Amino acid sequence: MPTPLVAFGVTHLGAAAGICVTASHNPKQYNGYKVYWGNGCQIIPPRDAAIAASILTPTNLTPWRLLREDELGDRLADFSPVDAASVADHSHPLVTDPTSEVRAAYHARIRAALCDAPGRYRDAAPLCYTPLHGVGAADARLAFEGFGLPPFVETPSQIDPDPDFPTVAFPNPEEGAETWAEARRTAEARGCAVCVANDPDADRLAACEYDPMTKRWRAFRGNEIGAMLAAWTFERWRAKHPDGDPTSVAMLASAVSSKMLRSMADAEGFRFEETLTGFKWLGNVAQGIDEGPGEAKTLFAFEEAIGFMFGDVHRDKDGISAAAVFAEMTANAYEKARSSSSSSSSSSSSSSSSAPLLPPLASYLATLHASYGHHATRAAYFVASAPSATRLVFETLRASPPERVGPARVRSTRDLGTGVDTGEAGGTPALPWTPGDSCVTYRLAFDGVEGGGGGDDESSAFDGAMLEPEGAEVTLRASGTEPKLKYYLEVVGRRGGGAEAEAAAEAAAEAIERAVWEQLVDGAPGIRRV
C-alpha cells in the first residue's frame, strides 16, 4: 500500500496510530519504521523519543515468545484465542483489513477536494508515468480516472512492484538522468511531452518535460515543482473565492526549501510559515494552523526533496494526489499554449520575437519567476564515511565561522545545534532547536555592488545589483537517515529584473555552490564529493 494511504487511513478510521514499514526512495536494506500519531502526522518529540526508548528496553530487544495456554493460568479469561490462521484471514475480531474502505475514501476525498475541473481535460495528451518498481501505479491510475484525466502511458519495465529495482541503480527520481531513462524512452516512443514519477512508496513526485526546440528533457527541481503546485493551488482557491481574504489561507515550506512561497505570500497576501526539515514538522504545524485560533486553513505545503502536501486531504507528503494535481495543471498549461499558438498564427505580423519559446510548464514557471523574482536554487550532498565525519565539519565551522561564502558576505548565522541565531533580535532561532543538531544556515548579502561585491573572478561573472541584497542563503545539514552531508542554497534575482536578474542569480548560485565545497567542506576527513 502506498504510504500516503496509511497517513490518510489513520484519521479516516480514527485510529490511535499508524505504522508503515518502508525504505521510501532507498533500496530495501534501508527499510525503516514510520509511525503516525492519531492526528495523522508523523511523530515528533517527545513521542519519538518515548517510542525509541521502549524499543531499546531489554525485554523488547528479544523477540517475544507466545505463551502456551497452560502458562496463562488465571489470565486466560482476559485473552481471546488467537492463532496464525485467524490473523492471516482476518477472521479474528481484533484483526480487520480496511484497505478497500481507506482506498475508496481517499480517492473520493482527493477528487472532491483537489480536482479543479472533473473531465475537462479528458482529451488532453497523456503523460508518461513510472512508479520506479514501487507500489504507486494502481492508485495513480485511480487518481487520474477520478480526475477525469486521460490514462497515463505506463513505463512497462518499471510498472510492477519489484524490491530489487532491476532497471535503476538507485530508486530515487532525484538521482538524475539514469533514473529517468526508461520513462523518457517510453515517452519518446509514445509521443509524451511530460513524464511524472513516484518514488517506490509513492509519497513523493518528480516530473520532467521535453523541449522540442533543444530536443532535451528538463527535470524540474523539487523547489520548481513546489512553486508551480503552490501557484496553481492558490489560483484555484482565488477563482473559487474571488472575495476571500487571503490571510485566511496558509502555505508552508521547510527551512531548506526555496523561499518562493514567501515571495508569493508577500505579493498575494496569504500566510506563510517556515518549519524544520521534514513532513513530521510540516504536518504538525499545519494542524496547529487548521485547529488554532481564527479560521485559517492550510492549502499547501512542500519540501525541496519532492514532497508535496495538500491540506484538504491529510497531513503528510503524498505523491499520488500530487501526480493527479500536477497532471491537471499540465493539461491546463498545454491547453493555454495551444490557444496562444492558434491566436498568434491567425494574426499576421511581419516581425518575429527573438525570445526563445519555452514548453508550457517551463513557460508557466518562468511567469512565476517574473512575478515573484527569479529564485535560483541548488540542493545536493557529499558522502560521509561516518557520522563523526559530518560532526567534525560542523565543529570546524562553529570554531571558525566564515565571514564570506564565495562572492557573498555572511550577514547572519542560524545554528540549530547551538541555539544561536545572529539574525534574530533575541539571538535565538525562531525554529525549534536541539543541542548537538547538525544544521547551520548562513544568510548572505551582496550589498547591491557591481560584480557581487567580491571583485574576484567568480563575482565578476554576475551583476550584484541585479540580485535581492539579502535574498541568498546556504544551509548545511547532516542527513538523519543516510551517510550524507547535504547542502541547500538559494539566490534571488531582483523582481522585475528580467533576463539580467535571472542570469545574475544563476551565476551567483553557481559561485556559491563551488564555495560550499572549496571553502566550507574541502579537506574535511571522511567527506567526499559524489
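Below: a short report on this structure. From a predicted model like this one, the values you see are computed outputs, not experimental measurements.

The rules behind these values
- Residues numbered from 1 in each chain as written.
- Predicted model: local features only at pLDDT ≥ 70, side-chain atom pairs only at ≥ 80, totals over all residues.
- Heavy atoms only, no water.
- Helix = DSSP H or I, 4+ residues; strand = E, 2+ residues; numbered from the N terminus.
- Buried < 20%, exposed > 50% of the residue type's maximum accessible area, 1.4 Å probe, protein only.
- Contact = heavy atoms within 4.5 Å.
- Areas by Shrake-Rupley, 256 points an atom, 1.4 Å probe, with all protein chains shown as cover.
- Phe/Tyr/Trp six-rings, centres within 6.5 Å; stacked < 30°, edge-to-face > 60°.
- Lys NZ or Arg CZ within 6 Å of the ring centre and 35° of its normal.
- Salt bridge = Lys/Arg side-chain N within 4 Å of Asp/Glu carboxyl O.
- Pairing = 2+ DSSP bridges.
- Axes fitted to C-alpha atoms, helices over the stretch in contact; angles between N-to-C directions.
- Core = buried A, V, L, I, M, F, W, Y, C linked by side-chain atoms within 4.5 Å.
- Expected span 1.5 Å × (residues − 1).
- Patch = residues over 30% accessible without salt bridge, like charges linked within 9 Å, V, L, I, M, F, W, Y side chains within 5 Å.
- Parallel < 35°, antiparallel > 145°, perpendicular 65-115°, else oblique.
- Nonpolar A, V, L, I, M, F, W, Y, C, P; charged D, E, K, R; others polar.

Let us now look at the overall build of the protein. Assigned secondary structure in the protein consists of 15 helices and 19 strands. By the burial criterion, 51% of the 530 residues in the protein qualify as buried. Pairs at least 24 apart in sequence give 67% of the contacts found in the protein among residues at least 6 apart. Of the roughly 24,600 Å² of accessible surface on the protein, 53% is carried by carbon and sulfur atoms.

Counting across every chain of the model gives 12 aromatic pairs. Note on Tyr129 and Phe152: the rings are 4.6 Å apart at their centroids and 40° apart in plane angle, and the pair reads as tilted. Linking Tyr129 in strand β3 (residues 128-130) with Phe152 in the loop between α7 (137-146) and β4 (153-154), this pair joins segments that are 23 residues apart in sequence. Phe152 carries the same exposure label as Tyr129, and that label is buried. In this structure, Arg236 packs its charged tip against the face of Trp232, placed 4.1 Å from the ring centre.

Counted by the stated rule, this structure contains 26 salt bridges. The partner of Arg378 in a salt bridge is Glu513, with the nearest N and O atoms 3.7 Å apart. Of the two residues, Arg378 is situated in strand β12 (residues 375-384) and Glu513 in helix α15 (residues 498-521); the sequence distance between them amounts to 135 residues. Across the pair, Glu513 and Arg378 agree in class, each one buried. Arg443 serves as the salt-bridge partner of Asp421, at 2.8 Å between the closest nitrogen and oxygen. In this pair, Asp421 sits in strand β15 (residues 420-421) while Arg443 sits in strand β16 (residues 439-445), placing the two residues 22 residues apart along the sequence. For Arg443, a relative accessible area of 13% gives the class buried.

Bringing the sheet that holds strand β7 (residues 216-219) into the picture now. The strand order across the open sheet built from 5 strands is β4-β3-β5-β6-β7, with neighbouring strands paired in mixed fashion. Of all strands in the sheet, those bounded by a partner on one side alone are β4 and β7. Packing of helix α8 (residues 177-190) onto the sheet brings it into contact with β3, β4, β5 (194-198), β6 (205-211) and β7, and relative to β5 it is tilted by some 145°.

The subject of this paragraph is the pairing of strand β14 (residues 408-415). Direction of pairing for strand β13 (residues 404-405) relative to β14: antiparallel, over a ladder of 2 bridges. For Val405, the partnering residue across the bridge sits in β14 and is Ala408. Hairpin connection, β13 to β14: the antiparallel pair is bridged by 2 residues, and Gly406 has positive phi, about 60°. Of the strand pairs in this sheet, β14 and β16 are connected by 6 bridges, and their pairing is antiparallel. By the bridge assignment, Ser412 is partnered in β16 with Arg443. The sheet contact formed by β14 and β15 spans 2 bridges and is antiparallel. Within β15, the residue paired with Arg414 across the bridge is Asp421. Hairpin geometry of β14 and β15 is characterised by an intervening segment of 4 residues between the two adjacent antiparallel strands and by a positive phi of about 75° at Gly419.

Once that is clear, we can look at the nonpolar core. Side chains that are nonpolar tend, in soluble globular proteins, to be buried together. Counting 80 residues, the largest nonpolar core has Phe300 and Phe326 as the members making the most contacts within it. The biggest single contributor to this core is helix α12 (residues 319-346), with 11 residues.

With that settled, the discussion passes to helix α9 (residues 222-240). Taking 1.5 Å per residue as the helical rise, α9 with its 19 residues ought to reach 27 Å, and the 27 Å between its terminal C-alpha atoms agrees with that figure. Burial of α9 is extensive: 15 of the 19 residues sit out of reach of the surface.

Quick look at the environment of Leu261 now. With respect to the element layout, Leu261 can be found in helix α10 (residues 260-268). Judged by relative accessible area, Leu261 falls into the buried class, the value being 0%. For the pair Leu261 and Phe302, spaced 41 residues apart in sequence, the C-alpha to C-alpha distance is 9.5 Å. Each residue touching Leu261, except ones within four places of it in the same chain, is listed here: Gly226, Ala230, Met251, Leu252, Phe270, Phe272, Phe300 and Phe302.

Turning next to the sheet that holds strand β11 (residues 307-310). In spatial order, the strands read β9-β8-β10-β11; together these 4 strands make up an open sheet with mixed pairing. Both outer strands of the open sheet, β9 (271-275) and β11, are each paired with one neighbouring strand and no more. When strand polarity is set aside, the average angle formed by the axes of neighbouring strands in this sheet is 15°. Seen against the sheet, helix α11 (residues 279-291) touches β8 (249-254), β9, β10 (297-303) and β11 and runs at an angle of roughly 170° to β10.

With that settled, consider α11. Turn by turn, an α-helix covers 3.6 residues, leaving residues three or four places apart pointing in a common direction. Look at α11: 18 Å from first C-alpha to last across 13 residues, which is about the 18 Å you get at 1.5 Å a residue. Considered for burial, the residues of α11 that qualify are Phe279, Trp281, Leu282, Gly283, Asn284, Ala286, Gln287 and Ile289. Against β8, β9, β10 and β11 lie the buried residues of α11.

Note that Thr3 resides in helix α1 (residues 3-13). Judged by its relative accessible area of 0%, Thr3 falls in the buried class. With near-sequence residues (within four places) excluded, Thr3 lies in contact with Cys20, Thr22, Lys34, Tyr36, Asp201 and Asp203.

Once that is clear, we can look at a nonpolar patch on the surface. Together, Ile19, Val21, Tyr33, Ile55, Leu56 and Leu61 make up a nonpolar patch on the protein surface, roughly 640 Å² of accessible area in all. Within the secondary structure, Tyr33 sits in strand β2 (residues 32-37).

A few words on the environment of Met329. Residue placement: Met329 occurs in helix α12. Separated by 96 residues in the primary sequence, Met329 and Thr233 place their C-alpha atoms 9.3 Å from one another. Not counting residues up to four positions away in its chain, the partners in contact with Met329 are Met228, Leu229, Trp232, Leu361 and Tyr364.

Moving on: the packing of α9 against helix α13 (residues 360-372). Two numbers describe a pair of packed helices, the interaxial angle and the distance between the axes. Orientation of α9 relative to α13, taken along the N-to-C sense of each, is 75°, at an axis distance of 10 Å. Considering their axes alone, α9 and α13 lie roughly perpendicular with respect to each other. Contact with α9, carried on its side by Glu224, Ala227, Met228, Ala231, Trp232 and Glu235, involves Leu361, Tyr364, Leu365 and Leu368 of α13 and no other residues of that element. Of the residues assigned to the contact of α9 with α13, the class counts are 8 nonpolar, no polar and 2 charged.

By the element assignment, Ser438 lies in the loop between β15 and β16. The exposure class assigned to Ser438 is buried, which follows from its relative accessible area of 11%. The residues touching Ser438, leaving out its near neighbours within four places in the chain, are Phe394, Arg398, Leu476, Arg477 and Ala478.

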